[in-house]
Amino acid sequence: MTEATVAELSHLARRVRAHVIRMASGGGCFIGASLSCADLLVHLYARVLNVSPARQDDPQRDYLLLSKGHDVPALYGTLSELGWFSPERLANHLSLQEHIYWHPNRQIPGIEFHSGSLGHLLSVGIGIALDLKLCETNNRVFVVLGDGEMNEGSVWEALLVAAAQKLDNLVVVIDRNGFQANVATEDLVPLEPLAAKLSAFGWHTIDVDGHDFGAMDNAFNRLHSPGRPTAVVAHTQRGKGIASLEGRADRWFVKLSPTEVESMLEELNGMGAATLSSQPLVVR
């Protein structure tokens, strides 16, 4: 990956984070975990997934399911920046006249499945992956899980089933930001050694820095393992990009005033709100 590509992806991720911050005004949003998975979603859509806003219903497309549905501001921001729908629609977040709210909604272009209740979408992803196998297609299914979501028993049952069915067209991406709501995961129900547990369940497992685009490029180029589903454990930081939010247990959901929005936009990697809002869209 070239330095220019890394710079372009980093800029796109900053713009996505700016959208997340703006969506934290009014009724608020789950800002901490949305910021932690912004780089992951940007990388997946820009570098990995076989999807395009020009062919949304392409039967050969890859599927992405956001199981940690409360982080949908990052997904909305990514899709809008990459041309799936106008970024101006994000200003209507939580409006009764709009479908953009706290969890993924299939009324929004690019959203494949509704989600909200944690622990459900890996099972949905398995169903899609099984169907694709039966149809003998090359599509892939990506399911983005939260690490706190890994406390759901349904997730571990699904992990066993996916391995038993040899679903090598299924990829789980775990946003390992270390928190479940306002508690550290290791203080509630410890997950470690997470990668070893996933491997013991029959999964091809990869660890990666979820904020390093070069490392993610290398990791996602090593996804396929014949006869085994793949789990990518992406180590991230809650609130990434906003120093005053990073790693804070108490800032998982916030409601920002207009003044606070402007202040956080200025804080975002040292860039002012006007600078962020004036840059051209990055479309691939």
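Bear in mind that the values here come from a model prediction, so they are computed numbers and not experimental data.

A. Fine view of the side chain of His-204. Mapped onto the elements of the fold, His-204 is located in strand β6 (residues 204–209). Its relative accessible area of 15% is what places His-204 among the buried residues. Within polar-contact distance, the side chain of His-204 engages the backbone oxygen of Arg-222 at 3.0 Å. Not counting chain neighbours up to four residues away, the residues in contact with His-204 comprise Arg-222, Leu-223, Ser-225, Arg-228, Pro-229, Thr-230 and Ala-231.

B. Representation of the confidence of the model for the chain in the model. Chain-level pLDDT for the chain is 89 on average; 94% of the residues reach the 70-or-more range. Below pLDDT 50 for its whole length, residues 277–284 participates in 20 contacts with residues either more than four positions away or in separate chains.

C. Representation of the packing of helix α1 (residues 3–23) against helix α10 (residues 258–267) in the model. The N-to-C vectors of α1 and α10 enclose an angle of 165 degrees; their axes lie 9 Å apart at closest approach. Considering the angle they form, α1 stands roughly antiparallel to α10. Crossing of α1 against α10: the hand is right-handed. The residues of α10 that touch α1, namely those facing Ala-18, Ile-21 and Arg-22, are Val-261, Met-264 and Leu-265. For the contact of α1 with α10, the class distribution of residues is five nonpolar, no polar and one charged.

D. Highlighting the pattern of salt bridges. All told, the structure shown has 13 salt bridges when counted by the stated rule. With a closest N to O distance of 2.4 Å, Asp-71 and Lys-68 form a salt bridge. Classification of Lys-68 as buried rests on a relative accessible area of 2%. As a salt-bridge pair, Asp-168 and Lys-133 come within 2.4 Å of each other at their nearest N and O atoms. In this pair, Asp-168 sits in the loop between α6 (153–164) and β3 (170–176) while Lys-133 sits in helix α5 (residues 121–134), placing the two residues 35 residues apart along the sequence. The buried category is assigned to Asp-168, whose relative accessible area is 18%. Through salt bridges with shared partners, a single ionic network connects Asp-147, Arg-176, Glu-186 and Glu-192.

E. Seen up close, the nonpolar core. Counting residues in hydrophobic clusters, the biggest one holds 58 residues, and the most contacted among them are Ile-21, Ile-31, Tyr-76 and Phe-142. Setting aside chain neighbours within four positions, we find Ile-31 in contact with Val-20, Ile-21, Ala-24, Leu-245, Arg-251, Trp-252, Phe-253 and Val-254. Of all hydrophobic cores here, the second largest spans 27 residues; its members include Ala-129, Met-150, Leu-191 and Val-233.

F. Spotlight on unusual backbone geometry. Cis geometry marks the peptide bond from Glu-192 to Pro-193, where omega comes out at 0 degrees. For Pro-193, the position within the fold is in the loop between α7 (185–188) and α8 (194–200). In this model, Lys-166 sits at a positive phi of 55 degrees, which is unusual for a non-glycine residue. Within the secondary structure, Lys-166 is located in the loop between α6 and β3. Using a relative accessible area of 53% as the deciding quantity, one classes Lys-166 as exposed.

G. Local environment of the packing of aromatic side chains. Evaluated as defined, the whole model comprises one aromatic pair. A centroid spacing of 5.1 Å and a plane angle of 70 degrees characterise the contact between Trp-156 and Phe-201, whose relative ring orientation is edge-to-face. You can see Trp-156 sitting in helix α6 and its partner Phe-201 sitting in the loop between α8 and β6, a full 45 residues away along the chain. A relative accessible area of 18% places Trp-156 in the buried class.

H. The environment of Glu-81, seen in detail. One can find Glu-81 in helix α4 (residues 72–81). Judged by its relative accessible area of 0%, Glu-81 is buried. A sequence separation of 126 residues divides Glu-81 from Asp-207, and the C-alpha atoms of the two residues are 27 Å apart.

I. Just α10, in detail. Of all the residues in α10, the buried ones are Val-261, Met-264 and Leu-265. Each buried residue of α10 sits inside an arc of 105 degrees when the element is viewed along its axis, so together they form one side. Exposed residues pointing more than 90 degrees away from the buried face of α10 are listed as Thr-259 and Glu-266.

What counts, and at which threshold
- Residues numbered from 1 in each chain as written.
- Predicted model: local features only at pLDDT ≥ 70, side-chain atom pairs only at ≥ 80, totals over all residues.
- Heavy atoms only, no water.
- Helix = DSSP H or I, 4+ residues; strand = E, 2+ residues; numbered from the N terminus.
- Buried < 20%, exposed > 50% of the residue type's maximum accessible area, 1.4 Å probe, protein only.
- Polar contact = N/O pair within 3.5 Å; in protein donor to acceptor, adjacent residues only side chain to side chain.
- Contact = heavy atoms within 4.5 Å.
- pLDDT = per-residue confidence, 0-100.
- Axes fitted to C-alpha atoms, helices over the stretch in contact; angles between N-to-C directions.
- Parallel < 35°, antiparallel > 145°, perpendicular 65-115°, else oblique.
- Left-handed = near helix turned anticlockwise from the far one by under 90°.
- Nonpolar A, V, L, I, M, F, W, Y, C, P; charged D, E, K, R; others polar.
- Salt bridge = Lys/Arg side-chain N within 4 Å of Asp/Glu carboxyl O.
- Core = buried A, V, L, I, M, F, W, Y, C linked by side-chain atoms within 4.5 Å.
- Phe/Tyr/Trp six-rings, centres within 6.5 Å; stacked < 30°, edge-to-face > 60°.
- Arc of directions from axis to C-beta.

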